Structure formats: structure tokens, C-alpha cells
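What follows is the residue order along each chain.
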Amino acid sequence: MKNLKSLLEIHSDDPDNKRRGQLLNILLLGLAALSLLVLLVTIIADLSTLETNVGPLYMGSFIMLGSTILIFAVNHYRSAQTASILFLALFTIILVLSDEPAQIVNGRSTFLFTVPIIMASFILSPWASFLMAGVSSLLIASLDIFVLDSTPGVPTMLGFFAVALVSWLASRSLEATLQELRVLNRDLELRVEERTRELEEANQQLEEANAHLRELDRLKSLFVAMVSHELRTPLTSIQGFTQMLLVSIYGALTNEQQSAVERVLANTKRLIKIVNDLLDKTRIEAGQLALHPTSFSPVELIDDVHTSMKMLAKQRGLELTSEVAPELAATLYGDQGRLHQILVNLVNNGLKFTDKGQVNIRAYRFDGAHWAMEVRDTGIGIPVKSQESIFEAFRQVDASVTRRRKGVGLGLSISRQLIELMGGRIIVASEINEGSKFTAIIPFTAPH
Amino acid sequence: MKQLHAIIIEDEVDLATIFSEALKAGGFTTEVINDGAEAMARLDSISPDIIILDLHLPNVGGREILTRIRATPELAKTQVLVTTADSHLAEMVEPQADLVLLKPIGFLQLQTLAKRLGSQAREEE
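Residues numbered from 1 in each chain as written. Chains lettered and ligands numbered in written order. Predicted model: local features only at pLDDT ≥ 70, side-chain atom pairs only at ≥ 80, totals over all residues. Heavy atoms only, no water.

### Topic: the overall build of chain A
In step 1: Check the secondary structure of chain A and you find 13 helices and seven strands.
In step 2: Taken against the 2.2 N^0.38 rule, which gives 22 Å for 448 residues, the C-alpha radius of gyration of chain A at 50 Å runs more than 25% over that of a compact globule.
In step 3: Its C-alpha atoms put chain A at 150 × 50 × 40 Å along the principal axes.
In step 4: Classification of the 448 residues of chain A by burial places 38% in the buried group.
In step 5: Considering only contacts in chain A between residues 6 or more positions apart, those separated by 24 or more positions represent 69%. (Helix = DSSP H or I, 4+ residues; strand = E, 2+ residues; numbered from the N terminus. Rg over C-alpha atoms; globule rule 2.2 N^0.38 Å. Buried < 20%, exposed > 50% of the residue type's maximum accessible area, 1.4 Å probe, protein only. Contact = heavy atoms within 4.5 Å.)

### What to know about the interface of chain B and chain A
In step 1: Tallying the contact residues gives 15 residues for chain B and 14 residues for chain A.
In step 2: Looking at the side of chain B facing chain A, the largest losses of area belong to I18(B), P104(B) and F107(B), adding up to 35% of the total buried there.
In step 3: Our count for the contact surface shared by chain B and chain A stands at zero salt bridges.
In step 4: Top element by residues in the side of chain B that touches chain A is helix α1 (residues 13-25) of chain B. It accounts for six residues. (Buried area = accessible area lost by both parts, 1.4 Å probe. Salt bridge = Lys/Arg side-chain N within 4 Å of Asp/Glu carboxyl O.)

### Considering the nonpolar core
All names here are of chain A.
In step 1: Core analysis: the biggest nonpolar cluster contains 40 residues, and L339, I342, L343, V347, W371, M373 and F438 have the highest contact counts within it.
In step 2: Per element, the largest residue contribution to this core is seven residues, and it comes from helix α11 (residues 336-352).
In step 3: The residues contacting V347, other than those within four sequence positions of it, are V305, M309, L320, I361 and V375.
In step 4: Counting 27 residues, the second largest nonpolar core, distinct from the first, contains L31, L88, F91 and M132. (Core = buried A, V, L, I, M, F, W, Y, C linked by side-chain atoms within 4.5 Å.)

### Some thoughts on the packing of aromatic side chains
All names here are of chain A.
In step 1: Evaluation of the coordinates by the stated rule reveals five aromatic pairs over all chains.
In step 2: Geometrically, the ring pair formed by F113 and F160 is tilted, given 6.3 Å between the ring centres and 40° between the ring planes. Remark: F160 occurs in helix α8 (residues 154-246) and F113 occurs in the loop between α5 (101-106) and α6 (114-123); sequence separation between them is 47 residues. When sorted by exposure, F113 lands in the same class as F160, which is buried.
In step 3: The ring centre of Y364 lies 4.1 Å from the NZ or CZ of R362, which sits over that ring. (Phe/Tyr/Trp six-rings, centres within 6.5 Å; stacked < 30°, edge-to-face > 60°. Lys NZ or Arg CZ within 6 Å of the ring centre and 35° of its normal.)

Limitation: the analysis is restricted to geometry and does not speak to function.
The structure is reproduced here in C-alpha cells:
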């Protein structure tokens with residue numbers, strides 16, 4: 001079926017030409033089938049000796065078959081128009097030869113001449129039906145005058161032209177409809193193309209905006225890193241000179257001076273911490289922060305943190321306790337400095353958001369592959385909806401809290417990123433007005 | 001008791017002062033050089049017990065100076081303490097230095113270190 005279809009296919013840029021060519025091919029196929037049928041009947045008649053004069057029938061069917069193939073070839077390789085003219089000529093010749101002149105002019109075969117008239121309007125052009133009516137009329141008139149010696153039958157000719165008129169109308173309206181459809185189709189294609197182009201443009205713009213954002217982000221990181229670095233140098237000097245004043249390098253201070261300088265130092269340290277956090281944050285985000293794992297003692301780590309945070313807890317009137325579970329190994333492997341930083345951040349956070357009660361630090365074996373540092377407080381708690389966003393940079397549950405509880409909110413964000421860099425994770429459990437528990441779960445073996 | 005001498009090669013004047021005071025508190029006499037080229041020129045004529053060397057210096061870099069110190073036989077006994085803010089760079093120079101200090105370095109931190117180094121050096125005498 002597919003092969004047959006491709007055989008009937010006509011390749012042409014003009015859609016009308018193509019349609020006509022294909023229509024002609026269908027007619028040719030029918031004619032070929034008819035020729036074969038005639039041939040078959042002739043053979044049967046020949047064999048059964050019903051008909052003795054089979055010579056012309058054989059010849060006729062072979063000529064028809066040959067002509068069909070020839071026209072098909074012209075249609076396929078040359079032009080549909082030429083093929084159509086050849087087909088109409090062949091058809092007319094067959095008609096003229098198929099019956100006695102009297103029957104053709106005014107008898108059983110006359111009506112057959114309307115067939116090529118209708119065909120012409122479809123396979124050649126709508127107006128070709130009139131041409132074909134003219135040719136048929138001329139043929140019949142010629143037969144009348146030259147063969148039958150009678151006057152041509154005008155009513156027959158008029159009939160031919162009436163058929164041509166109807167056929168012309170039908171074929172023309174068909175072509176007009178097809179033309180409209182093609183216009184609609186093209187319009188639709190144009191619109192689809194336009195939409196596609198618009199989409200592509202929008203995509204392109206998005207891509208550019210994205211690239212621009214990435215560049216801005218990179219510049220932001222670079223800027224923060226540079227500014228932090230530039231800030232650290234003078235801050236270090238301020239800290240150094242303040243420490244020198246405090247140890248009386250430049251002479252003894254009065255009590256008031258001592259207390260003022262202590263406050264300068266405390267604020268400088270806070271500022272240094274913020275700058276360091278910012279620097280860490282940008283380094284982590286730029287993927288430039290490398291861990292330096294060594295063997296260390298968890299007991300020492302917890303003790304160090306406890307010692308350094310004891311003063312702050314006391315100032316806030318809170319109790320700070322710490323314990324290391326006995327089943328935890330005596331030596332662990334990891335970046336001690338960064339673990340210290342994480343734990344200090346968690347304890348700091350606990351102290352910051354607890355007004356009375358205590359903060360506990362605990363290190364223990366979490367499972368076969370992980371150990372954990374846990375910081376539990378009896379503070380204000382974190383609403384469930386905020387338990388994820390507290391790990392975002394510059395975020396505290398309530399923006400107004402920032403002023404009361406010092407800090408820019410980088411600690412938790414950095415802690416989580418550091419823990420993730422170590423291949424671990426942090427989980428939080430909290431109840432409003434009861435307290436919060438942060439657990440940093442860290443693998444025993446550092447990731448490579 | 002022998003007076004120990006320290007040379008501080010650091011272009012940040014404030015930092016150099018802090019280092020200098022910390023070392024003095026640790027019992028050292030100190031001298032500050034603010035420029036890499038000047039430090040390079042004077043390497044032949046000095047023999048301090050300790051050199052505090054910043055890696056980021058004008059004209060001649062600290063790493064070049066460090067290499068030169070290690071190639072000078074007269075300075076074989078000198079302890080070199082390298083200071084830098086760059087942890088990556090710190091790791092790279094670690095094999096050549098006696099000690100690498102990562103900036104920021106506080107006064108108290110350096111003072112404690114200076115005292116320890118001072119008593120260590122005197123014990124060796």
C-alpha cells in the first residue's frame with residue numbers, strides 16, 4: 001500500500017500541479033487495470049474460441065497498456081500538464097475507435113465524450129473542460145460531415161458545453177477552497193514560526209540575564225573577600241595596640257581607662273569575628289575553603305570550647321555544661337579548627353537565644369559511621385516554619401531580634417556549610433519556649 | 001644573660017610595631033625593616049637570632065628572601081618565623097620556615113611565643 005502510494009506521488013513545487021499529477025496517476029492506474037481486464041477477457045475468449053476475431057482486441061489492450069505506462073513516465077519525469085494532454089488525447093482516440101461512427105455521433109457512445117470533458121477540468125485546469133468540449137464537438141462534427149455525410153447535431157454540442165460549464169464551476173470552487181486552505185495553513189505556519197522565534201529570544205535573554213547574575217555573584221564574592229582582607233589588616237593593628245595598652249606596655253592605666261580599653265578590645269574582637277565569618281562565607285561559596293584534617297582528641301576539643309565560652313555564659317547568667325560520651329573514640333580525625341568554629345557558633349547561638357537556664361554541649365557516637373556534637377539550650381525555641389531558614393545567611397527568625405541579640409546571623413549558615421563540606425549534616429529540634437537542640441552529625445572518615 | 005636579637009621584616013608599620021613590642025616583652029632587642037629590597041641587601045651583614053618575615057613585601061617578595069636566608073651559611077642558626085594571611089601560601093612555605101604564623105597575629109599570642117623562643121634559645125647557649 002505504501003509502495004503504491006509512493007508510486008502515485010508527484011514531486012512538484014506547485015501544489016495544484018502536484019494534485020493534478022496525482023489525480024492523473026490514479027486515472028492511469030484505473031486505465032491500466034481496465035486494459036489488463038480487457039486483455040484477460042480477450043485471452044479467455046481466445047482460449048474458449050467464443051470469439052474468433054481477437055487480433056484487434058489484443059492489439060488494442062496492448063496499445064492501451066503501453067500508452068498508460070508512457071504517460072505515467074511523462075507524468076513522473078517531465079510535466080503533469082503534458083501527461084494530462086497526452087492522456088486526454090489517448091482517451092479521446094480510444095473513444096473514437098471504440099464504436100461505429102453513427103453510435104458515436106448520435107447513439108450509445110455519445111455520452112462517453114462527457115467523461116474527458118469532466119476529466120480535463122480536474123487534471124489540466126478548470127477552463128480546459130471548455131477546450132475539451134470544443135475538441136469533442138469538432139470530432140463529432142467532423143464525423144458527421146466527412147464520414148456520415150449529415151449535418152452536425154447542434155444539441156449534442158450544446159450538451160457538451162453544458163457539462164463543461166458544470167465541471168468548470170465544480171473544479172473552480174474546489175481549487176478556490178484549496179487555495180484558501182493553503183493561505184490559512186501558511187498563516188498558521190508563520191504564526192508558529194513567530195512564536196518559536198519569540199520563545200527563542202526570551203530564552204536567549206534569560207540565558208544572558210543568568211550569565212550576568214553569575215558574574216555579579218562572582219564580583220560580589222570577590223568584593224567581599226577583598227574588603228574583608230583590607231578590613232582585617234587595620235583591625236589586627238587595633239587589636240594589637242589595645243592589647244599592648246592593656247598589658248601596660250605604654251604605662252599603667254587608670255581603672256576607667258582599663259575598662260574603656262577592654263570595651264574597645266571586646267568590640268574589635270566582635271568586628272574581627274564578623275569579618276572572618278564574611279570571609280569564610282565567601283570562600284565556602286566560591287569553593288575555595290579547604291579543610292585541614294588531623295588527628296585530634298574530642299575531649300580536648302569540647303574542653304577548649306567550654307573554656308572559651310564560659311565567660312560569655314556567666315555574663316548572660318547561664319549555666320554551661322559539657323560532656324563527652326565515654327564510648328566515643330579517644331582520637332578522631334578531622335579539621336579541628338573548623339570543628340571548634342562550628343561548636344563555638346552553635347554554643348554562641350544557644351547562649352544568644354536563651355534568657356534563663358542552661359546550655360549543654362555533648363559529643364557522642366551517633367552510629368557506626370558518624371559521631372555528633374550536640375548543643376542543647378533552654379531558650380526561646382524556633383517555630384517549625386523557620387527551622388530551615390535559620391541556616392540561610394543574614395537570617396534570624398525575627399529581624400527585630402538582631403539588634404537585641406548581637407550578630408549578623410552568619411554563624412549557623414557557615415556552620416552548616418562547613419559540616420556539609422566535612423560530609424556531614426546538621427539537624428535541629430526545637431519547641432517554642434522550651435528550647436532548641438542542634439546536632440552536627442559528622443563522619444568518622446573525612447571525605448576526599 | 002645574652003641579649004637576643006630579632007629582625008622584623010614587615011611593610012605594615014603598625015603591625016611591625018606590635019611585633020616589635022611583643023618581642024621586646026619577650027626579652028629581645030628588635031629592628032624593623034619595611035622593604036623587601038632593603039632586607040635582601042642587608043642579609044649579608046646581619047646575624048639575628050630570630051627573623052619575623054612577612055611574605056607580602058614591596059620590591060622583593062618574602063619567599064625570595066626566605067630562599068636567600070636558607071642559602072646563607074651565616075644565618076644557619078637563625079630561626080625564621082614566616083607570617084602570612086594566605087593559608088594556601090602558608091602551606092607552601094612550611095618546609096622552609098621554622099614556624100609559619102597565620103595572620104591575624106595578636107600581640108598576646110606573639111608575646112607568649114617570643115618568651116618561649118627566648119628561653120629556648122638561652123637554654124641552647
